[in-house]
Amino acid sequence: MMITIQVLQVPSVIPEVYWDLFLSSVSEERRAQASRFIHQADAYRSVLGEVLTRVTLSEITGIGADKLSFSRSIYGKPCLAQYPDRPFNVSHSGDWVALISGGTDELGVDVEKISPIDLQIAERFFSPQENTYLAAQPVDQQLNTFYRLWTLKESYIKAIGTGLSLPLDSFAILPSQWVQGQQVDDLCWRCTQTGHAELTGKLQQKGEQLSSDAEGDKYIRVMPHRFYSQPLDTKHMLAACTADGELPMRPEVVTLDQMYTKLVEDANAGR
Ligand code: COA
Ligand code: MG
């Protein structure tokens, strides 16, 4: 099954009849959480993320959207209780909700609203190689590049599911053909993970191809993961990650009307 990335624009106001149906389709916990948010926009993003997930996974599995149930890993990554081998991942920020689904391998997605920030914080979060790459970009592109790297890193930790328990500077996501000081147009992103030498033997036993870094006390592992990275609009960056398989060339835009219609059809068909 093909991997798809779907995006949904969150409106500033959702008509009441739509909102009532959406709220009734999500879990009890989500409804309770939505009622506690101070800002309506937070409730919208949270609920629409789950509705988009349910509608899409319902199409994949044939189970009614409101009959699907979810469980979470110890790190909090949600999975489909009825079909744990049907991967998906959701993200919400600013005006957008994004969902990646399909295939059979681990998936991660991240959307972030681009807000002006002090780029110094990159030094705390990114690996030295990523910081070198960021600093080599033209000044007027550094903010966008920061968000590209941020969302790429986030999509990776969301795919592997460990959340922030994997130190953010222990891996680097960079264009595979990037050479310092050169501008590359068509970027293919690669993740390299750095670890300590004591793990090398274990990984080699599992058939991993490893190389040592210059200091010799660490291994460098080129991960098989593939990445997608594009701005969604001028104010939002989107990234996605899969452990294997082809990622789509562009996301599919889903509308509130489509989700509403699907939920009504499901209810009428008694699914
Ligand atoms: N792995 C994958 N997905 C997870 C997850 C995990 N361990 N834990 C939660 N999720 C899913 C959930 O579906 C969640 O949505 P929900 O809370 O509405 O159910 C969704 O991811 C949230 O993703 P997103 O909207 O992108 O939120 P986030 O970027 O604030 O947080 C985390 C993502 C929770 C997985 C985690 O990576 C985190 O706390 N990040 C903090 C941000 C940060 O410091 N990033 C550094 C990047 S350089
Ligand atoms: Mg995020």
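Parameters and conventions
- Starting afresh in each chain, residues are numbered from 1 along the sequence in its written order.
- Labels are handed out in written order, letters beginning with A for the chains and numbers beginning with 1 for the ligands.
- Given that this is a predicted model, residues contribute local features only at a pLDDT of at least 70 and side-chain atom pairs are listed and counted only at 80 or more, while totals for whole chains, interfaces and linings are drawn from all residues.
- Excluded from the side-chain calculations are hydrogens and water; all other atoms, namely the structure's heavy atoms, are used.
- UniProt positions are given in the numbering used here, feature names are shortened, and annotations may be inferred rather than shown by experiment.
- By convention a nonpolar core is built from buried Ala, Val, Leu, Ile, Met, Phe, Trp, Tyr and Cys residues, the set being connected through side-chain atoms within 4.5 Å.
- Relative accessibility decides the category of a residue: with a 1.4 Å probe and only protein chains considered, values under 20% of the type maximum give buried, values over 50% give exposed, and everything between is partly exposed.
- We count a stretch as a helix when DSSP gives it H or I for four or more residues in a row; a strand needs E for two or more, and each element gets its number in order from the N terminus.
- Contacts between residues were defined by any pair of non-hydrogen atoms, one from each residue, lying within 4.5 Å.
- N or O atoms closer than or at 3.5 Å make up a polar contact, with two conditions inside protein: a donor-capable atom paired with an acceptor-capable one, and, for residues adjacent in sequence, both atoms drawn from side chains.
- For two strands to be treated as a pair, DSSP must find no fewer than two bridges joining them.
- Note on terminology: near, applied to a residue and a molecule or strand, indicates that one of the residue's heavy atoms is within 4 Å of it.
- Note that accessible areas follow from Shrake-Rupley with a 1.4 Å probe, and for residues the cover is restricted to the protein chains shown.
- Side-chain classes are defined by residue name, with Ala, Val, Leu, Ile, Met, Phe, Trp, Tyr, Cys and Pro counting as nonpolar, Asp, Glu, Lys and Arg as charged, and the others, Gly among them, as polar.
- Working note: the arc is built from the helix axis to C-beta atom directions.

- An unreviewed UniProt entry annotates the protein chain as 4'-phosphopantetheinyl transferase superfamily protein originating from Paenibacillus sp. AN1007.
- Quoted verbatim from the Cofactor (unreviewed entry) heading of the UniProt record, the comment on the protein chain is "Mg(2+)".

### Looking at the nonpolar core
Then, number 1: Core analysis: the biggest nonpolar cluster contains 26 residues, and L8, I14, F22, L48, V51, L256 and M259 have the highest contact counts within it.
Then, number 2: If you list the elements that add at least two residues to this core, you get α1 (16-25), α3 (40-61), β5 (96-101) and α8 (256-268).
Then, number 3: The element contributing the most residues to this core is α3, with eight residues.
Then, number 4: With sequence-adjacent residues up to four places away left out, L8 is seen in contact with L48, L52, D95, W96, V97, V254, T255, L256 and M259.
Then, number 5: Counting residues in each nonpolar core, the second largest holds 25 residues, with Y133, Y147, L152 and C241 among its members.

### Here we look at the side chain of S91
Then, number 1: Position of S91 among the secondary structure elements: in strand β4 (residues 88-93).
Then, number 2: On the basis of relative accessibility, which here comes to 5%, the residue S91 falls in the buried class.
Then, number 3: At 3.3 Å, the side chain of S91 forms a polar contact with the side chain of D110.
Then, number 4: Apart from the residues within four sequence positions on either side, S91 is in contact with W96, V97, A98, V109, D110, V111 and K158.

### Focus: the pairing of β4
Then, number 1: Two elements, β4 and β5, share six bridges in a ladder whose sense is antiparallel. When the bridges of β5 are listed, S91 appears paired with A98.
Then, number 2: Between β4 and β5, which pair antiparallel one after the other, the connecting turn spans two residues, and G94 there sits at a positive phi close to 60°.

### Overview of the site of ligand 1
Then, number 1: Near ligand 1 you find 21 residues, and of these R30, S91, D110, E154 and K158 are the closest.
Then, number 2: Within the contact set of ligand 1, an oxygen atom lies 2.7 Å away from a side-chain nitrogen or oxygen of S91.
Then, number 3: At 3.2 Å from a nitrogen atom of ligand 1 is found a main-chain nitrogen or oxygen belonging to G161.
Then, number 4: Here ligand 1, which alone exposes 910 Å², has 78% of that area covered by the protein.
Then, number 5: Listing elements by their share of the shell around ligand 1, those giving two or more residues are β4, β6 (107-113) and α6 (142-160).
Then, number 6: The class makeup of the residues in the shell around ligand 1 is eight nonpolar, six polar and seven charged.

### Here we look at α1
Then, number 1: Among all positions in α1, only Y18, W19, F22 and S25 are buried. Looking straight down α1, one finds its buried side chains confined to an arc of 125°; they lie on one side.
Then, number 2: Contact partners of the buried residues in α1: α3 and α8.

### Some words on the environment of A122
Then, number 1: Checked against the element boundaries, A122 lands in helix α4 (residues 121-125).
Then, number 2: Each C-alpha atom, one on A122 and one on W150, is 8.8 Å from the other, the two residues being 28 residues apart in sequence.
Then, number 3: If we ignore the near neighbours within four places in the chain, the residues touching A122 are N131, L134 and F146.

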